[in-house]
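Chain and residue survey
This is what each chain is made of:
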Amino acid sequence: MEVTWWGHATCTIEDTGVRVLTDPLFARRFAHLRRRRGELPPPEAAVADAVLISHLHSDHLHLPSLARLAPGSRLIVPRGAVGAVPGLRLLRRLRGLRVTEVGPGDVVRVGEILVRAVPALHDGRRLPLGPHRVPALGYVVEGEARTYFAGDTGLFGDMAEAVGPVDVALLPVGGWGPNLGHHHLDATRAAQVLTMLEPRSAVPVHYGTYWPIGMDGVRPHEFHSPGDEFVRQAARVAPDVAVHRLGHGEHVRPVARR
């Protein structure tokens, strides 16, 4: 199996001949954010057998990026997403996207792999004050390896039980501003997740890609350092986990299951 990090929370997981894309964000600039590091993903990054959407925030469910998917692409989204996001209904109609809504515990087969939805501790509304509350999710992709894509989440007490055994953990370690807010992982908390889940390998994501326009000189360490800090913290609390700090567009073939 192979993992490619395209930036922010966007990854391609290739396992057993199946390509899974997570939270695609292919924009150079959106809202008040601009891409500060890494080239835009190439067209082949949008090619996938299934696309996983963890929650409705626009840096994870980005409609212009979904419009780049091939007609008929399969989307797996949190239950209630289609009703909460009118643009998603429009894309489904215009592009023929096959949308499957899921909740924690639901399992979807995609070719030779299984995709299992797991809970996440995060605000799942489309906007911070949006009227529709839709659960945020993580996903475990099960093929040759069990790969956990956390989306956005904070620590929660039964995380190990809810997620189950995993071989590879794709964990958010930062964000796009100097304040992560509630229900996010930073580098230190993400390292704690390793002690709970005990994966064989981990890849830090969701950092060092987007930054607010005009804030280039404000707390730059918040933008650049989370990946390195996660490597340092993981070595301290979970030394048996192989941590792969990827550059944008780089890939790794983590060790598969025991």
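Residues numbered from 1 in each chain as written. Predicted model: local features only at pLDDT ≥ 70, side-chain atom pairs only at ≥ 80, totals over all residues. Heavy atoms only, no water.

1. A word on the side chain of His8
Defined as follows: The helix and strand labels rest on DSSP assignments: H or I over at least four residues marks a helix, E over at least two residues marks a strand, and numbering proceeds from the N terminus. Whether two residues touch is decided by their heavy atoms; if any such pair falls within 4.5 Å, the residues are in contact.
Considering the arrangement of structural elements, one finds His8 in the loop between strand S1 (2–7) and strand S2 (10–15). With near-sequence residues (within four places) excluded, His8 lies in contact with Leu25, Asp59, His60, Trp176, Val205, His206, Thr209 and Tyr210.

2. Re the packing of aromatic side chains
How we decide: Between the rings of Phe, Tyr and Trp (Trp by its six-membered ring), a pair exists once the centres lie within 6.5 Å; its type follows the angle of the planes, with under 30 degrees stacked, over 60 edge-to-face, and the other angles tilted. A simple rule labels every residue: compare its accessible area, found with a 1.4 Å probe on the protein chains alone, to the largest value its type can have, and call it buried under 20%, exposed over 50%, or partly exposed in between.
Throughout the structure, instances matching the rule amount to two aromatic pairs. Ring geometry for Trp5 against Tyr207: centres 5.3 Å apart, planes inclined by 15 degrees, an arrangement best described as stacked. Remark: Tyr207 occurs in the loop between strand S14 (201–205) and strand S15 (210–212) and Trp5 occurs in strand S1; sequence separation between them is 202 residues. Since its relative accessible area comes to 1%, Trp5 is described here as buried.

3. Some points on the environment of Arg92
The residue Arg92 is located in helix H3 (residues 86–95) in this model. Residue Arg92 is classed as partly exposed on the basis of its relative accessible area, which comes to 38%. Taking the C-alpha atoms as reference, Arg92 lies 8.6 Å from Gly72; in sequence the two are 20 residues apart. Arg92 has contacts with Val82, Leu97 and Val99, leaving out every residue within four places of it along the chain.

4. Digging into unusual backbone geometry
Of note, Asp23 is a non-glycine position whose phi angle comes to about 35 degrees, a positive value. Assignment of secondary structure puts Asp23 in the loop between strand S3 (18–22) and strand S4 (29–30). Judged by relative accessible area, which is 0%, Asp23 ranks as buried. Look at His206: it is not a glycine, yet its phi comes out positive at around 60 degrees.

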